[in-house]
Structure formats: structure tokens, C-alpha cells
Amino acid sequence: MNVVRSRVIMMFAMILTLFSLLLPIRPASAASDVVLFTPYTGLSVTPGETIDYTVNVINNGSNIENVTFSFDHLPKGWSTSITAEGRTIEQLSVRGGKEEEVTLEVTVPLDVDKGDYRFWLVAKGESGSSKLPLLVRVTEQGSFKTELTSEQTNLEGHADSSFTYDVTLKNRTAKTQNYALSSAAEKGWQVTFKSEGNSVTSVKLEPNESRDITVEVKPPENVKAGTYKIPIKAQTSDTSAELTLEAVITGTYALKLTTPSGNLSTDVTAGHERVIDLVVKNTGSAPLLNINMTADAPPDWEVEFDQSTIAQLNPGDSKTVKAKVKASDEAIAGDYVVNFQAQTAETSAEAAFRVSVKTSTVWGVVAVLIILGVAGGLYYLIKTYGRR
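Reference entry: report on the structure contained in this document. Along every chain, residues carry numbers that run from 1 in the direction the sequence is written. For this predicted model, a pLDDT threshold of at least 70 governs which residues receive local features, and a threshold of 80 or more governs which side-chain atom pairs are given and counted, while totals over whole chains, interfaces and linings are taken from all residues. Excluded from the side-chain calculation are hydrogens and water; included are all heavy atoms of the structure.

Moving on, we get to the overall build of the chain. Numbering goes from the N terminus for both helices and strands, where a helix is a DSSP run of H or I of at least four residues and a strand is a run of E of at least two. Looking only at helices and strands, the chain features 2 helices and 29 strands. Categorising residues by exposure relies on relative accessible area from a 1.4 Å probe, with only protein chains included: less than 20% of the type maximum marks a residue as buried, more than 50% marks it as exposed, and the intermediate range marks it as partly exposed. Within the chain, buried positions represent 35% of all 388 residues. Only heavy atoms matter for contacts: two residues are in contact if any of them lie within 4.5 Å across the pair. For the chain, restricting intrachain contacts to residue pairs at least 6 apart in sequence, the fraction spanning at least 24 positions comes to 68%. Looking at the chain as shown, the accessible area adds up to about 24,100 Å², and 50% of this sits on carbon and sulfur atoms. The Shrake-Rupley method, run with a 1.4 Å probe, gives the accessible areas here. Residue values count only the displayed protein chains as cover.

Note that side chains of opposite charge can pair when their charged atoms are close. The working definition used for a salt bridge is a side-chain nitrogen of Lys or Arg within 4 Å of a carboxyl oxygen of Asp or Glu. Counted under the stated rule, the structure contains 12 salt bridges. A salt bridge links Asp72 to Lys131; its shortest N-O distance comes to 2.8 Å. Of this pair, Asp72 sits in strand S4 (residues 65-72) while Lys131 sits in strand S10 (residues 128-138), placing them 59 residues apart in sequence. For Lys131, a relative accessible area of 48% translates into the label partly exposed. Because the salt bridges share partners, they merge into one network encompassing Glu140, Glu147 and Arg172.

For any pair of aromatic rings, geometry is given as the distance between the ring centres together with the angle between the planes. Here a pair means two rings of Phe, Tyr or Trp (six-membered ring of Trp) with centres within 6.5 Å. Their orientation is stacked below 30 degrees between planes, edge-to-face above 60, and tilted elsewhere. Counting across every chain of the model gives 6 aromatic pairs. Ring geometry for Trp301 and Tyr336: centres 5.1 Å apart, planes at 45°, overall tilted. Taken together, the residues span a long stretch of sequence, with Trp301 in the loop between strand S24 (288-296) and strand S25 (302-305) and Tyr336 in strand S28 (residues 334-343) at a distance of 35 residues. Relative accessible area serves as the criterion here: at 10%, Trp301 is assigned to the buried category. Ring geometry for Phe340 versus Phe353: centroids 6.0 Å apart, planes at 80°, classification edge-to-face. Of the two residues, Phe340 is situated in strand S28 and Phe353 in strand S29 (residues 348-358); the sequence distance between them amounts to 13 residues. Judged by its relative accessible area of 0%, Phe340 falls in the buried class. Site record: aromatic cluster; members linked through ring pairs are Trp78, Tyr117 and Phe119.

Moving on, we come to a negative patch on the surface. Here, patches come from residues exposed beyond 30% relative accessible area and free of salt bridges, joined within 9 Å for like charges and within 5 Å for nonpolar side chains (Val, Leu, Ile, Met, Phe, Trp, Tyr). Residues scored as charged are limited to Lys and Arg (positive) and Asp and Glu (negative), so that His and the chain ends carry no count. Note on charges: their place is set at NZ of Lys, CZ of Arg, CG of Asp or CD of Glu. A cluster of acidic residues, Glu273, Asp300, Glu302, Glu304, Asp329 and Glu330, forms a negative patch at the surface. Among the secondary structure elements, Glu304 is positioned in strand S25.

The pairing criterion is simple: DSSP has to find at least two bridges between the two strands. The strand order across the open sheet formed by 4 strands is S21-S23-S27-S25, and the pairing between neighbours is antiparallel. Either end of the sheet is taken by a strand with one partner, and the two such strands are strand S21 (255-258) and S25. Averaged over all neighbouring strand pairs, the angle between strand axes comes to 25°, with direction disregarded. Summarising the sheet, S25 and strand S27 (residues 318-326) pair through 4 bridges and their orientation is antiparallel. By the bridge assignment, Glu304 is partnered in S27 with Lys324. All axes are obtained by fitting lines to C-alpha atoms, using only the stretch in contact for helices, and the reported angles, taken between N-to-C directions, cover 0 to 180 degrees.

This part takes up the nonpolar core. Buried Ala, Val, Leu, Ile, Met, Phe, Trp, Tyr and Cys residues that are joined via side-chain atoms within 4.5 Å together make up what is termed a nonpolar core. Leu257, Leu278, Val280, Ile291, Met293, Trp301 and Phe340 are the most contacted members of the largest nonpolar core, which totals 30 residues. Looking at this core, the element that brings in the most residues is S29, giving 5 residues. Beyond its immediate sequence surroundings of up to four residues, Ile291 is in contact with Leu255, Val280, Ser308, Thr309, Ile310, Leu313, Ala342, Gln343 and Thr344. By size, the runner-up hydrophobic cluster in this structure holds 27 residues, among which are Val34, Val102, Phe119 and Leu134.

Next up on the list: the environment of Val94. On the secondary structure map, Val94 appears in strand S7 (residues 92-94). Along the primary structure Val94 and Gly61 are separated by 33 residues, whereas in three dimensions their C-alpha atoms are 9.9 Å apart. The residues touching Val94, leaving out its near neighbours within four places in the chain, are Val57, Asn59, Asn63, Ile64, Glu65, Glu99 and Glu100.

Pairing in this open sheet of 5 strands is mixed, and the strands run S22-S29-S28-S24-S26 from one edge to the other. Two strands lie at the open edges of the sheet, namely strand S22 (265-269) and strand S26 (309-313), each paired on one side alone. Here the strands of the sheet are splayed against their neighbours by 30° on average, with no regard to which way each runs.

Turning to unusual backbone geometry, a few remarks are in order. Here the phi dihedral of Asn208 falls at roughly 70°; this positive angle occurs in a residue that is not glycine. Considering the arrangement of structural elements, one finds Asn208 in the loop between strand S17 (202-205) and strand S18 (210-218). Of note, the phi angle at Asn290 is positive, near 55°, even though the residue is not glycine. Mapped onto the secondary structure, Asn290 falls in strand S24.

Inspection of the sheet shows strand S5 (residues 79-84) paired to strand S8 (residues 99-107) by 5 bridges, in the antiparallel sense. Within S8, the residue paired with Thr80 across the bridge is Val106. Strand direction decides the pairing type here: S5 and strand S6 (residues 87-88), joined by 2 bridges, are antiparallel. The partner of Ala84 across the bridge, within S6, is Arg87.

Structural measurements only, silent on function.
And the structure:
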């Protein structure tokens, strides 16, 4: 009985084997006639950037293929769209032996980790499906915030300087932001924001957009030497960014030019000299180097300094310089002005000196002698010939 049962089972297995051999063989998955192609399958981007791929959908078969698209292993939070001639498409029809062009847009989110991301664009038609492998390398760590940065936050200059900082404001949020710009600098400091050459108090940025902003800072008058912080802020109702700028004041530059008594007038005889003592004083808070002494005098007048250059003058110090002023021989009586200047690369001072010119006493004596001679001659003539 067992032998019969075994034979029946063997015969049944042989029949099934023969039957399976007689059935037509079909592959598990047929090769698709549709092929996807784009030349740049690997690209580098920054967080928040949108990539545009030009993709050719090629039909190598003879029949029309109606193609739909999908994605495999698309990273979470990444968005895509497929368009043709500016319109979003859901399905594409490609004739046999032809190809069509579509645009694939892939937007990388702002809050994304740095690294390599691989995914596939899948095209499915009647003959099967085709995959296009894509690689996106995110070159920096992403964030979801506002950034306010500058390559140079510390500048140095004297008290009369204007400090100019270049800063960059970047909107790394997912929506348009209208940023109010402000500063918390100390009282007396003037802070101005400029964008594209125009003074602004706010700027509007689209998602992932950045804007270069110029910050101009002017110190108050009589500011002391030291390091000063200038905090600035870009703020909206739901996001903000701050940056602290620094201005290093090296000191104030100021000169005063006067005389020991403060009197700025004298007199001189035409053709003669007068020595004037000039006091040069450093009234600033920084040393002054190479102070040049010059004068602007009337025509044919001469001015000489016993010291035409002062090598260095420290804050609060003064130096007396002697100026020899010679009036012109032909100068007539009256008041003249001689302008004295003390000048460095940073500052200068000026003193207008009034010089009264008197005629020479020699000519006065000569005139008196001439008058006496004329009078004597007349007396002699009258005495000698007056009685005839």
C-alpha cells in the first residue's frame, strides 16, 4: 500500500514538473524602454538652496509611453517639483523613439546637516520603470535662524575718524522677514545703516536671502582714547540676530597756535624786522609728529622760523618757535596781516597776526632838513633882495 502511495506521489510530481516546463517563461521585471538622463547628477549646495536639473525622458521603444514620476529615498523635509514649459506636470507622454525634456527642482531645507545625500528620480511607464541616481552634497551645517556677521568687527582710528563696517544679514528662516535695524551704542555715538548706498532703518529679506549692509559709526566730540563697543541688532517679531562691533580710539588730534601773552598784533618799520614768539600747543590726547611751521605774508615780505619743524609734541606740551618777520622796503604805513600755520597729517592750527607798518624815521629827518633848508633859503633871499 505504501509502495503504491509512493509511486502515485512520484507520478504527480513528474506531471507538475512537465506542466511547468510547458508554460511560457516571463521575467520577474521587464526592462523599461524609458530612460532618464541628466549630465550633472552630483552637485554641491548650501542649506536652503534650490537645485534645477534638466532631465531628458527618452523612449527607446516603438510605442507611446505615458510616464509618471516619483522618488526613492528622498531625504525628509526636502521638497521637489517637476515642470515642463513652466507648468507642473503629473504625467508625461513620450512617443516611440523620441524624448521630452522636463525640469526637476529640488529644494534643500534650511535646517539640514552637512553631508552627502543620495536619492533617485523614478520614471514609470507601460514597459517598466527607470531610475536616475542623484547625489547632493551639503557643504555646511544648516540652521533655522537669522545670521548677522562681519569679517572685520574691530577698527582703529582717532576721534575725528568715521568707522565703516561691512556686515552681512542672512535670513535662514522659511518665510519672508522684514528686519528692523538698531544700535545700542553709548550716548553721543552716531550709528547709520546703509544698503545699496542708501540710509535705511529696515530691510526685507526672502527665505535664504542675504544682504550686505554698511554700518557707519562716528564717535562723539572729545571722546577719550580707549576701546568702545557698538552693539547692533536685526530684529523681527519672531527672529533676531545681534553683532557687537568695536571701535578703538587712539586719541584726539588738536593744535593751538598763539603767543605767550595771547596778543596777536605788533608793529614794524618798513624795511625792518620784528621777531615774534609763537607758542605751539598740543591740546589733543594723542602725540603729534612732524609739525610744520609755515606763513602767508604780504608780497615782498620775508618770514623765517628758527625751527620750521617740530619733531614731536606730546599731549599737553607746548613749544615756542621764533618767527622773524621783515616788512617790505616799499611798504607804506598801515595794517598788514601775516597768517601763521602749524600743521601735521592729522590736524592744523592757524593764527592771523596783525602787523602795523610805520615809515622810517630817517625819511622823517630828511623831510625836516629839507623843510628847514627851504625856509632858510627863503629867509636869505628875502633879506638879501627884499629891500631893493
